[in-house]
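Chains, contacts and geometry: an overview
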Amino acid sequence: MQHGKYRFIVGFLAAPLGIYALFVIWPFIQSIYYSFTDWSGLSPEFKMVGFKNYSRILDDEVFWKSFQHSVTFVLLLPLVTLTLALFFAFMLNVGGRRRKNAAIAGVRGSAFYKVVYFFPQVLSIAIVALLFQFAYNPNSGALNSALKAVGLDSVQPDWLGDPDLALWCVFAVLVWSTVGFFVVLFSAGMASIPRDYYEAALLDGANRITTFFKITLPLLWDTVQSGWAYMGILALGAESFAVVQIMTVGPNGGGPDYSTTVLPLYVYQKAFRDGQAAYATTIGVALLVLTLLFVAVVMRLGRRERLEY
Amino acid sequence: MGSTSANNREGIGRRDLIKRSAALGLISVPTMSFLSACASSDSGGDEKVDKGKKTKENPLAVNETAPLEIVIFDGGFGTKYAEDAKAVYEKNFPKAKVKFSSTQKIQSVLQPRFNQGTPPDLIDNSGAEQMDMGVLVGKKQLADLTPLLDAASVDDPSKKVRDTLRPGIVEMGQFDGDPVWIMYYAYTVYGVWYSQKALDSLDATYPETWDEMLAVCEKAKKKDMAGWTYAGKHPYYLPFSLYPMIAKVGGTEVLDAIDNLEPNAWKHPAVKTCFEAYYELYKKGYILKGTPGLDHIQSQTAWTEGKALFIPNGSWVENEAAKTMPKDFNLAVSAPTGIDSSDKMPFGTIWASGGEPFIVPAKAKNTDGGMEQLRIMLSEASSKNFTESVKSLTAFNGGTDGIDLTPGLKSGVAALEKAGDNVVNPRIQDWYVALQKEKIGVGGLGEMMAGRLTPAEAIKKIQGYADEAAKDDSIQHYKHQ
């Protein structure tokens, strides 16, 4: 089997890697190239301008605002989402009361809950954003109506219209729409942890919290780590773009006073509204660097002794 | 229990392989894939069709057999008016194949085609995804429409098209110097829109001074109706009544200075007075609750439901809000209320200007055909058809005789008559789109009207934005001639 292993791998991977290089790597190189030009995106003509776009980034207030929001997302979103998902997954799989015939089980109705949690994944992010936009409507939206119904007539926030709240409104939607995926992912991971460990822990009298931190989390670490990287990338990229663009205030989204602008949205605005495609690619490069940094940090910090079972 | 362990001896284990390729794939997903989709290529688009024979019926010398492609923005006005005009072209040139399409996403559809150098022959560059005109002009992507303006008009061959248009239309299509890049087809009246019925029910007439305005709002408030609402998510609707008010109070030169991005243009006392007047609406609670979180449709709906009395808007609102507007709403528009009799310009000063910008790309194959189509649209018959079907005026001066004007349209025509020469046309809206909509609109006015900035703070912030735009050499700058 070892003999000719590489030939086998190369043969298998040549076609996909070729396509990958053509449609992913090459556009990257192109984009970096365009970031040194003054291309408008509206005509085929452009010339080289050196580092002008990069020096412009340094004084661009809106860029730094969106940078700050993207960093907030990438730091907090994985933390909140994964913590919630781990908790839910643990409750669904091993957190239940002891019942007959099964020492280890989830809470009652866990099969049903799994479906409920996963449901948002079935909806496209655009639909989710639109639905929440209605919920956040300050006059007739579900949230303010609910507040009214419980007698809180004086508390009627503008939600997406309030610069202090708008970013967190978006944040909540992202958590809501992604947490289910991780619940299912972690459930799958937990299902592959051998039951004997839990039974041994139970016999030793460990409670739920100890079980979670001493057994579940260490054995699930690989999954958590990749989930962390994946969630961070969602937070930096497509998901945050869609939600902000669809839900928030302003001509192209971005919230009152740029309170929800994120980097991918800013790329979009510069390229497709302001006719400054070259500058947009420059912001894209900045986003790429940020993403790489994030993944590198996650991979390094997350390194642990690998447990095999 | 080892089921997924790596092969420890040497080389790449299954896990590592998957992991590495996944990492590689993941980092590439979010960043730039969507930009590369529009990477430019340089196929030339200069193969123009030959000129046709110039005749009395064909003053632009259109090639009778050349195909024509039209792309129309499918917005508040729909597309029927353009299809009707297309049918006329097909009748005049039966051998020409006319391709007609409409979209709400002008930029997504057309940007790649500009990049390839193969744009269509006529475009209605409108809507939320409008392509930046300044960039298009600056990059020489548009054809000069002067031949069209100098061609004979359809209705009267002794007149040039230029002479049949409403005042200001030709100038609006110019940027710097003589060439005319844009033909604005619709003629929009901006101002304060209201239901005459609602106003009558308050026993009030439209207020001409700000004290009267506050009094009317107070009356409305007693009847549990807000004085004002506006498109809170798109606060750049506020200028529709605010800018002409500034002109009324301080004279048109204040607006010109703002358009020219002159230093301290926003610090003019007239600007401050008007900002404070609007801020008072907020402070006295005359703005419909929750307005900052509403978009244009939601605010219009609240207004047609009678929750608010006034809304700053443009004449498209009659068509756009038709679905929710009660039959007896009796829509009316008025020039903005001023401060008092010491204002520089009389009551009636209004903002009216071209809408629906039509462009003929410089690299289009059949530029003559594109202009000919515009010539047809600027005939009295087509103009009437437009006014009748979408309740809005066109650039063609006249064409309203013998049509049953709807209440809003009638009131718009009356407002224009009353204004006479006192029609202002702030250009900041089409010259500096990002500055006007996002910075001044959302960042400044929206924040002020939501009560999060005082007028003084708003002015300071907006002046900062304007100074930034004046310094920014990545945007084209223009000046009033």
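Quick notes on the rules
Residues numbered from 1 in each chain as written. Chains lettered and ligands numbered in written order. Predicted model: local features only at pLDDT ≥ 70, side-chain atom pairs only at ≥ 80, totals over all residues. Heavy atoms only, no water. Helix = DSSP H or I, 4+ residues; strand = E, 2+ residues; numbered from the N terminus. Buried < 20%, exposed > 50% of the residue type's maximum accessible area, 1.4 Å probe, protein only. Contact = heavy atoms within 4.5 Å. Areas by Shrake-Rupley, 256 points an atom, 1.4 Å probe, with all protein chains shown as cover. Lys, Arg positive; Asp, Glu negative; His and termini not counted. Charge placed at Lys NZ, Arg CZ, Asp CG, Glu CD. Phe/Tyr/Trp six-rings, centres within 6.5 Å; stacked < 30°, edge-to-face > 60°. Core = buried A, V, L, I, M, F, W, Y, C linked by side-chain atoms within 4.5 Å. Patch = residues over 30% accessible without salt bridge, like charges linked within 9 Å, V, L, I, M, F, W, Y side chains within 5 Å. Salt bridge = Lys/Arg side-chain N within 4 Å of Asp/Glu carboxyl O. UniProt positions renumbered as here; feature names shortened; annotations may be inferred. Pairing = 2+ DSSP bridges. pLDDT = per-residue confidence, 0-100.

As a further point, take the overall build of chain A. Scanning chain A from N- to C-terminus turns up 12 helices and 0 strands. C-alpha extents for chain A along the principal axes are approximately 75 × 75 × 30 Å. The 309 residues of chain A split such that 51% are buried. Put simply, of all contacts in chain A between residues at least 6 apart along the chain, 64% involve residues at least 24 apart. With an accessible surface of roughly 15000 Å², chain A has 68% of that area assigned to carbon and sulfur atoms. Side-chain charges of chain A comprise 22 positive and 18 negative groups, with the mean position of each set lying 12 Å from the other.

On to the overall build of chain B, then. Across its full length, chain B holds 20 helices and 10 strands. In terms of principal-axis extent, the alpha carbons of chain B reach across some 90 × 80 × 45 Å. Within chain B, buried positions represent 57% of all 481 residues. Taking contacts inside chain B between residues at least 6 apart in sequence as the whole, the part at least 24 apart equals 75%. Only carbon and sulfur atoms are counted for the fraction: they give 51% of the accessible area of chain B, which is about 19600 Å². Mean positive and mean negative side-chain charge positions of chain B (55 and 62 charges, respectively) differ by 6 Å.

Residue and element names in this part refer to chain B. Applying the stated criterion across every chain, the model contains 57 aromatic pairs over all chains. When the centroid spacing of 4.6 Å and the interplanar angle of 40° are considered together, the rings of Tyr190 and Trp351 count as tilted. Note that Tyr190 is positioned in strand β4 (residues 183-195) and Trp351 in strand β8 (residues 350-359), a separation of 161 residues in sequence. Each member of the pair, Tyr190 as well as Trp351, carries the same accessibility label: buried.

On to the nonpolar core, then. It is characteristic of soluble globular proteins that their nonpolar side chains tend to be buried jointly. Core analysis: the largest hydrophobic core is formed by 168 residues, its most contacted members being Met183, Trp266, Phe275 and Phe310 of chain B. Among the elements that make up this core, the one with the highest residue count is β4 of chain B (10 residues). What Phe310 of chain B contacts, discounting residues up to four positions off in sequence, is Val192, Trp193, Tyr194, Leu199, Tyr206, Pro207, Met213, Val216, Gly227, Trp228, Thr229 and Trp303 of chain B. Counting residues in hydrophobic clusters, the runner-up holds 48 residues, among them Val94, Ala129, Val173 and Met231 of chain A.

Residues and elements named next belong to chain B. On the surface, a cluster of negative charge is contributed by Glu208, Asp211, Glu212 and Asp340. Relative to the helices and strands, Asp340 resides in the loop between β7 (331-334) and β8. Note on Asp340: relative accessible area 36%, which makes it partly exposed.

Here the focus is the environment of Phe87 of chain A. Residue and element names in this part refer to chain A. Inspection of the secondary structure puts Phe87 in helix α3 (residues 61-93). On the basis of relative accessibility, which here comes to 47%, the residue Phe87 falls in the partly exposed class. Residues Phe87 and Val183 lie 96 residues apart in sequence; the distance between their C-alpha atoms is 8.5 Å.

Before going further, it helps to spend a moment on unusual backbone geometry. The phi torsion at Tyr258 of chain A lies on the positive side, around 60°, for a residue other than glycine. Given the relative accessible area of 5%, Tyr258 of chain A is considered buried. With a phi angle near 60°, Lys391 of chain B is a residue other than glycine that sits in the positive phi range.

Residue and element names in this part refer to chain A. Mapped onto this numbering, the UniProt entry annotates "transmembrane region" (unreviewed entry) at residues 7-29, 73-94, 115-136, 165-186, 228-248 and 277-299. Helix makes up 86% of residues 115-136 and strand makes up 0%, while its end C-alpha atoms are separated by 25 Å. Between the end C-alpha atoms of residues 228-248 there is a gap of 26 Å, over a span that is 90% helix and 0% strand.

Moving on: a nonpolar patch on the surface. Together, Ile19, Leu22, Phe23, Ile25, Trp26 and Ile29 of chain A make up an exposed nonpolar region whose accessible area comes to about 630 Å². Phe23 of chain A sits in the exposed class, given a relative accessible area of 59%.

Another point: the pairing of strand β6 (residues 308-314) of chain B. Two faces belong to every sheet, and in a regular strand the side chains alternate between them. Residue and element names in this part refer to chain B. The buried fraction of β6 amounts to 7 of the 7 residues, a majority that puts the element mostly inside the structure. Sheet analysis places β4 next to β6, joined by 5 bridges and oriented antiparallel. Counterpart to Tyr190 in the pairing with β6 is Gly314. In this sheet, β6 lies alongside strand β5 (residues 226-228) in parallel orientation, the contact comprising 2 bridges. What sits directly across from Trp228, in β6, is Phe310.

All names here are of chain B. Mean pLDDT over chain B works out to 87, with 90% of the residues at or above the 70 mark. Segment residues 1-12 is flagged for pLDDT under 50; beyond a separation of four residues in sequence, or across chains, it makes 19 contacts in the model. Across residues 24-45, where pLDDT falls below 50, the model places 54 contacts with residues more than four positions away in sequence or in other chains.

For the structure on display, the rule yields 24 salt bridges over all chains. Between Asp274 of chain A and Arg273 of chain A there is a salt bridge, with the nearest N and O atoms lying 2.7 Å from each other. Grouping residues by exposure puts Asp274 of chain A and Arg273 of chain A together as buried. Taken together, the salt bridges that share partners define one network made up of Lys270, Arg273 and Asp274 of chain A together with Glu438 of chain B.

All names here are of chain B. Counting buried residues along β4, 13 of its 13 residues qualify, which places the element largely inside the surrounding structure. Bridging between β4 and β8 involves 7 bridges; their strand directions are antiparallel. Counterpart to Val189 in the pairing with β8 is Ala352. Sheet analysis places β4 next to strand β9 (residues 393-394), joined by 2 bridges and oriented antiparallel. Bridge pairing links Ala186 to Thr394 in β9.

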